[in-house]
Amino acid sequence: MHDSQKQSRLDEFERMCREGGVPFTYQRRVILEELQTMHSHPTAAELFAVVRKKLPRISLGTVYRNLEILHEQGEIRKLEFGGTQSRWDGDPHPHYHIRCLCCDRIDNVRYEPARDVEASVSTPGNFRVVGHHLEFIGMCQECDANLISPGLGKLNKNQPLSKAACALKHPRIPKKP
């Protein structure tokens, strides 16, 4: 997203907040601006560390509360992958992600989101489908290059993966020479 697009989105969000009676604070603006510049899909704590450089007196609780408000307003996406901390995405438009099984790094995937999948799903419990999540999983290049198994050497790329085998997550497992 270009700077002019980001500024336009910020201005539009500020207008919507004011019309809806939701305060648009300087803290909220900084949190949103910083999140929109980060492409790492940070946790609240990671974003807090960045925001604190501009707002040294901000608390982690304030960052959490503002992220939830921004999410409820549709300005950002909350990414919840099983067994990991929530991550935040400054791009609210529909798109998919890929997550590294070792280091939990998350990247965007260049794949057009399925637009009509919700309408084509039938459920045995008569659910009203309102959305879907598709998570691709794999190994980032760095983890893949360092993945070895103790006593076995580098793992075969076709072997099932486990976090226990990840050299980056578990420093006791030596990296390949």
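One numbering rule holds for all chains: residues counted from 1, following each sequence as written. This being a predicted model, a pLDDT of at least 70 is required before a residue's local features are given, and a value of 80 or more before pairs of side-chain atoms are given or counted; all residues contribute to the totals for chains, interfaces and linings. Remark: hydrogens and water are excluded; side-chain values derive from all non-hydrogen atoms of the structure.

Things to note about the state of the cysteines
Right, so step 1: We call a pair of cysteine sulfur atoms a disulfide when they lie within 2.5 Å. A full pass over the atoms with the stated rule returns zero disulfides.
Right, so step 2: Cys-140 provides the cysteine sulfur closest to Cys-143, a residue in no disulfide bond, and the two sulfurs are 3.6 Å apart.
Right, so step 3: Given a relative accessible area of 1%, Cys-143 falls into the buried group. The buried label applies to any residue whose accessible area, calculated with a 1.4 Å probe on protein chains only, is under 20% of its type's maximum; exposed applies above 50%, and partly exposed to all values in between.

Focus on the layout of surface pockets
Right, so step 1: Considering only enclosed or pocket space, the largest pocket measures out at about 440 Å³ in volume.
Right, so step 2: Residues are said to line a cavity or pocket when one of their atoms sits within 4 Å of a point; the points come from a 1 Å grid over protein atoms alone, cavities being sets where a 1.4 Å probe fits but cannot get out and pockets being open sets with protein on both sides within 12 Å along at least five of seven lines. Around the largest pocket, the lining is made up of 20 residues, and of these Arg-77, His-95, His-132, His-133 and Leu-134 lie nearest the centre.
Right, so step 3: For the lining of the largest pocket, the elements supplying multiple residues, two or more each, are β1 (77-79) and β3 (96-100).
Right, so step 4: No other element matches the three residues that β1 contributes to the lining of the largest pocket. Grid points are joined across faces, edges and corners, and a volume is the space filled by probe spheres set on the points. Per the convention used, a helix needs a DSSP run of H or I reaching at least four residues, while a strand needs a run of E reaching at least two, with both numbered from the N terminus.

Quick notes on the pairing of strand β4 (residues 106-109)
Right, so step 1: Any two strands with at least two DSSP bridges between them are considered paired. Examined bridge by bridge, β3 and β4 share four bridges and lie antiparallel to one another. Residue His-97 lies in a different strand from β4, and its bridge partner there is Asn-108.
Right, so step 2: The antiparallel pairing of β3 with β4 creates a hairpin that spans five residues between the two strands, and Asp-104 there sits at a positive phi of about 65°.

Digging into a nonpolar patch on the surface
Right, so step 1: Two distance rules govern patches: like charges are joined within 9 Å, and nonpolar side chains (Val, Leu, Ile, Met, Phe, Trp, Tyr) within 5 Å, applied only to residues with over 30% relative accessible area and no salt bridge. Using a 1.4 Å probe, accessible areas were evaluated by the Shrake-Rupley method; residue-level cover was limited to the displayed protein chains. Only one rule defines a salt bridge in this text: a Lys or Arg side-chain nitrogen within 4 Å of an Asp or Glu carboxyl oxygen. Taken together, the side chains of Val-121, Phe-127 and Val-129 present a nonpolar region at the surface, about 270 Å² in accessible area.
Right, so step 2: With respect to the secondary-structure elements, Phe-127 resides in the loop between α5 (117-120) and β5 (135-138).

Observations regarding the sheet that holds β4
Right, so step 1: The strand order across the open sheet formed by three strands is β4-β3-β5, and the pairing between neighbours is mixed. Two strands in the sheet have a free side with no partner beyond their single neighbour: β4 and β5. The average angle at which neighbouring strand axes cross in this sheet is 30°, direction not considered. In this analysis an axis means a line fitted to C-alpha atoms, helices contributing only their contacting stretch, and an angle means the value between N-to-C directions, from 0 to 180 degrees.

Quick look at the packing of aromatic side chains
Right, so step 1: For this analysis, a ring pair means two rings from Phe, Tyr or Trp (six-membered ring only for Trp) whose centres lie within 6.5 Å, classed as stacked if their planes differ by under 30 degrees, edge-to-face if by over 60, and tilted for the remaining angles. Inspection of the entire model under this criterion finds three aromatic pairs.
Right, so step 2: Consider the rings of Tyr-96 and Phe-136, whose centres lie 6.3 Å apart with planes at 75°: the pair is edge-to-face. Of this pair, Tyr-96 sits in strand β3 while Phe-136 sits in strand β5; the two residues are 40 residues apart in sequence, bridging distant segments of the chain.
Right, so step 3: For Tyr-96, a relative accessible area of 5% corresponds to the buried category.
Right, so step 4: Note on Tyr-111 and Phe-136: the rings are 6.2 Å apart at their centroids and 75° apart in plane angle, and the pair reads as edge-to-face. Here Tyr-111, found in the loop between β4 and α5, pairs with Phe-136, found in strand β5; they are 25 residues apart in sequence, far enough to count as distant.
Right, so step 5: By relative accessible area, Phe-136 is classed as partly exposed at 29%.

A few points about the environment of Glu-46
Right, so step 1: Structurally, the position occupied by Glu-46 is in helix α3 (residues 44-54).
Right, so step 2: What makes Glu-46 partly exposed here is its relative accessible area of 37%.
Right, so step 3: Sequence separation between Glu-46 and Leu-60 is 14 residues, and the spatial gap between their C-alpha atoms is 9.9 Å.

These results come straight from atomic positions and should not be treated as a statement about function.
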